[in-house]
Amino acid sequence: MEKILEANQIKKIYGGKGNVFTALDNIDLKVRQGEFVSIMGPSGAGKSTLLNVLATIDQPTSGEINIDGEKITNMGEAQLAAFRRDKLGFIFQDYNLLDTLTVKENIILPLALAKMDIKELESRVEKVADTFGIRPILEKYPYQISGGQKQRTAASRAIVTKPSLILADEPTGALDSKSATDLLETLKSLSEQDKATILMVTHDAYAASYSQRVLFIQDGKLFTELVKGQSTRKEFFDKVLDVLSALGGGSNDII
């Protein structure tokens, strides 16, 4: 499988003149097409900083990032904006839906920006709505639906453009256990069946156990990684908990 994401020697430093904080310290990372990878670690370890740098929301101090064969670390703002629109899909904890648009219109938004043919646009929306089980609520507004339905809407919007890489930041953080499981099962299926490539930051060992690989970050450095391999989800969950304990806390206090 081809490499979708390759990051080499990523460093992110804040401050200066003797007051320097190294948020990311020479991180190397590779994610192949169809992989579902989670990033975990203690509060302040650098997880969100790493996701923001890979998502082109923030710039690394040094290092190189290639996504889908394109070097993003040298791109200007206009190039980055087009790259985000065409190559990246985002799922946030707080949904980021527009209340004045229906569920369908929220999903369509990135396609409308790409000026897609209306027939193709309708076809894609119907497909993702079926994938996430939200076809019955397409004409409703975000304030009329549940948190789980909002997150499935946000996930539909993230994948409707068929991005090279889906970046998820605590996507289950605001969901009840059933809604979280539904979302995770669908993301796992997208990875396995549609070869979607997913990178997810999470504090939750249960959520991480749905991925194929978990990277643990501590003090801005890669601490270790776990590969699921032939383990059951429950076995993998237990292994994740063991590493979190070694890092200094259980699943509930690792943020």
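Everything discussed here concerns the structure shown above.
Residues numbered from 1 in each chain as written. Predicted model: local features only at pLDDT ≥ 70, side-chain atom pairs only at ≥ 80, totals over all residues. Heavy atoms only, no water.

Colleague: Looking at this structure, I do not really get the pattern of salt bridges. What am I missing?
Modeller: Overall, the coordinates contain 18 salt bridges when judged by the stated rule. The salt bridge partner of E126 is R135, with a shortest N-O separation of 3.9 Å. Judged by its relative accessible area of 40%, R135 is partly exposed. Each of K3, E6 and K30 takes part in salt bridges that share partners, so that together they form one network. (Salt bridge = Lys/Arg side-chain N within 4 Å of Asp/Glu carboxyl O. Buried < 20%, exposed > 50% of the residue type's maximum accessible area, 1.4 Å probe, protein only.)

Colleague: I'm lost on the sheet that holds strand β3 (residues 36–40) in this one. Help?
Modeller: Within a beta sheet, neighbouring strands are joined by backbone hydrogen bonds and run either parallel or antiparallel to one another. If you walk across this open sheet you meet the 6 strands as β6-β7-β8-β3-β9-β10, and the pairing is mixed. Pairing within the sheet leaves two strands with one partner each, and these edge strands are β6 (88–92) and β10 (221–227). Across this sheet, the average inter-strand angle for adjacent strands is 20 degrees, counted without regard to direction. Looking at chain direction, strand β9 (residues 213–218) and β10 are connected through 6 bridges and run antiparallel. Paired with I217 across the two strands is L222, which belongs to β10. The sheet strands contacting helix α5 (residues 147–159) are β6 and β7 (165–169), and the helix crosses β6 at an angle near 170 degrees. (Pairing = 2+ DSSP bridges. Helix = DSSP H or I, 4+ residues; strand = E, 2+ residues; numbered from the N terminus. Axes fitted to C-alpha atoms, helices over the stretch in contact; angles between N-to-C directions. Contact = heavy atoms within 4.5 Å.)

Colleague: Looking at this structure, how should I read the nonpolar core?
Modeller: Grouped together as the largest cluster of nonpolar side chains are 35 residues, with contacts concentrated most on I91, V103, I107, V125, F132, I134 and L187. Of all the secondary structure elements, the ones that give two or more residues to this core are α3 (103–113), α4 (118–131), α5, β7, α6 (177–194) and β8 (198–201). Not counting chain neighbours up to four residues away, the residues in contact with V125 comprise K104, I107, I108, L111, L138 and V160. V31, I72, L80 and F83 belong to the second largest nonpolar core, which has 30 residues in total. (Core = buried A, V, L, I, M, F, W, Y, C linked by side-chain atoms within 4.5 Å.)

Colleague: Please explain α4 as it appears in this structure.
Modeller: Each α-helix turn comprises 3.6 residues. Residues three or four places apart therefore point the same way. If you check α4, its first and last C-alpha atoms are 20 Å apart, about what 14 residues at 1.5 Å a residue would give, namely 20 Å. Along α4, the residues classified as buried are L121, R124, V125, V128 and A129. Projected down its long axis, α4 carries its buried residues within an arc of 130 degrees, all on one side. Away from the buried face of α4 by more than 90 degrees, exposed residues K119 and K127 are located. The inward-facing, buried residues of α4 contact α3 and α5. Near the N-terminus of α4, the side chain that reaches the backbone nitrogen of K119, with its oxygen 3.2 Å away, is that of D117. G133 lies just past α4 and shows a positive phi near 65 degrees. (Expected span 1.5 Å × (residues − 1). Arc of directions from axis to C-beta. Polar contact = N/O pair within 3.5 Å; in protein donor to acceptor, adjacent residues only side chain to side chain.)

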